[in-house]
Structure formats: structure tokens, C-alpha cells
Amino acid sequence: MTSLSIKSEQISNEFAQDLHRTLTTWQPINPQQGALKQEYAEFVQSHGGAAIDRHAGPEHVTASSFVFTPDLGQVLLCFHRKGQFWVQLGGHIDPEDTTAAVAATREATEESGLTGLELLSEEPIDLNRHGLANAFGACKVHWDLGYGFLANREDNIVVSPESEDVAWWPVDQLPKQTPHDFPERLALAVAELKHRLTK
């Protein structure tokens, strides 16, 4: 093993340890999210750095971004090219990402072009473990961590190659082409965020 690969493995393991600490200390307001949080913590603890490496196996942690207007009335969604649905921004964790929140920030910036994103917390506001269609290749299950952000609706948006479109939508008037559980997930994420902002 080269010194570079050893260093990379050390960084991945430190990332996993930090994520495990975050998961074990976070107290989500939704009981189902709380139960899922325990499964996430166990997955990260048992897999270590491999839990965040997309090349280490078909199941791995990803990071996504729920980007809202400051009043939390609108959310920024992308029309995913592979999935063919409207969903929050996000994707795989890259080797240079030091935390899942950093990965979520990078993904949101890459997929929207927005540079003034405000990360609201180092703790996630949404956990969503989901299986993937064959269009996603070797990836079979994503253990996604969703983070909350604020952005200025007037800032210029740039559509990335991974999406067909990026647009703002009222949180209570979402487009029809979203995953079946997305409206409920979004409502829970908003509730989690409001709870955190009033603490």
C-alpha cells in the first residue's frame, strides 16, 4: 500500500468516526428518523471508511442539500437526469470532503451554481436510505444524509450536467414528478429545521 493510499484511508476513517459521533449525539424530533439514525450509526461503525467510499461497495453514505429561501417557503430542486424526477441536490462523497456537511455544500454548489449558500447546522435534517434503479450502475443502496441550507432566490442558478433543470418550488406546491415519499420527507425536514432554529 502506498503512502498516499494509507493517508487516504486514514482520512476516510477519521471522516467515519466524526460522522458516527454526529449521528450518536443528534436527537431528531421524528421517532422514525431516530430509529433510522441508529441503523446509520451502526452501518458507519461497522464499515468504517468504506461506508463513505462509493468504490468500496454497492452501499455507501451520500450527502444531499435541502436549499431553502430564508422564510423556508421555497425549496430548490433539480430534475435528476438518471432518476427522471425532481429531488433535492446532492450526491456522492469525494475524497477531498472532510465531513458530510462539506460534501453536501460542495454538491449544492456544483449542482446549482449558487455560491452564497448558508449551511444551517453540521447535523443532518433528513435521513433517507433508498435502493437504486439499474440506471445508477454499481450503486445499489444510498444511505443519504440531508443538510439544511439557506440561499437567496434572486441569485443566478446554473444547471449542472447531472440535471435537466434546477428550479425553486413552494414547499406546499411541489411538482408531480417527485419520488413518492418526497413530500413527506420535505415536510419532516422543514419541521426539523424549524425546531433547530428555535432552540
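In this text the structure is predicted, and so the values were computed from the model without any measurement.

Analysis parameters
- Residues numbered from 1 in each chain as written.
- Predicted model: local features only at pLDDT ≥ 70, side-chain atom pairs only at ≥ 80, totals over all residues.
- Heavy atoms only, no water.
- Core = buried A, V, L, I, M, F, W, Y, C linked by side-chain atoms within 4.5 Å.
- Buried < 20%, exposed > 50% of the residue type's maximum accessible area, 1.4 Å probe, protein only.
- Helix = DSSP H or I, 4+ residues; strand = E, 2+ residues; numbered from the N terminus.
- Contact = heavy atoms within 4.5 Å.
- pLDDT = per-residue confidence, 0-100.
- Pairing = 2+ DSSP bridges.
- Salt bridge = Lys/Arg side-chain N within 4 Å of Asp/Glu carboxyl O.

(A) Examining the nonpolar core more closely. Membership of the largest hydrophobic core comes to 51 residues, with the highest contact counts inside it found for Val-61, Val-67, Phe-68 and Leu-145. Per-element accounting of this core gives the leading share, six residues, to strand S7 (residues 141–150). Sequence-distant contacts of Val-67, that is, excluding residues within four places in its chain, are made with Gln-74, Val-75, Leu-76, Leu-89, Ala-108, Leu-117, Phe-149, Ala-151 and Trp-168.

(B) Representation of the confidence of the model for the protein within the structure. Residues of the protein with pLDDT of at least 70 account for 93%, and the chain-wide mean is 90. Looking over the protein, one finds the lowest element-wise mean pLDDT in helix H1 (residues 3–25), namely 75, and the highest in strand S5 (residues 118–119), namely 97. Taken together, the stretch residues 1–7 has pLDDT below 50 and engages in two contacts with residues farther than four places along the chain or on a different chain.

(C) Representation of the pairing of strand S2 (residues 74–80) in the model. Within S2, six of the seven residues are buried, which leaves it mostly tucked inside the rest of the structure. Both strand S1 (residues 59–68) and S2 contribute to a ladder of two bridges, which runs antiparallel. Across the sheet, the residue bridging to Val-67 is Leu-76, located in S2. The loop that links S1 with its antiparallel partner S2 comprises five residues; one of these, Leu-72, has a positive phi angle of about 60°. Where S2 lies against strand S8 (residues 163–170), seven bridges are found, and the strand directions are antiparallel. Note that in S8 the partner of Phe-79 across the bridge is Asp-165. Bridge count for S2 against strand S3 (residues 86–87) is two bridges, and the pairing is antiparallel. Note on S3: the bridge partner recorded for Cys-78 is Val-87.

(D) Representation of the pattern of salt bridges in the model. With the rule as written, the count across this model stands at eight salt bridges. A salt bridge links Glu-39 to Arg-129; its shortest N-O distance comes to 2.6 Å. Here Arg-129 lies in strand S6 (residues 126–131) and Glu-39 lies in helix H2 (residues 31–47), a separation of 90 residues in the sequence.

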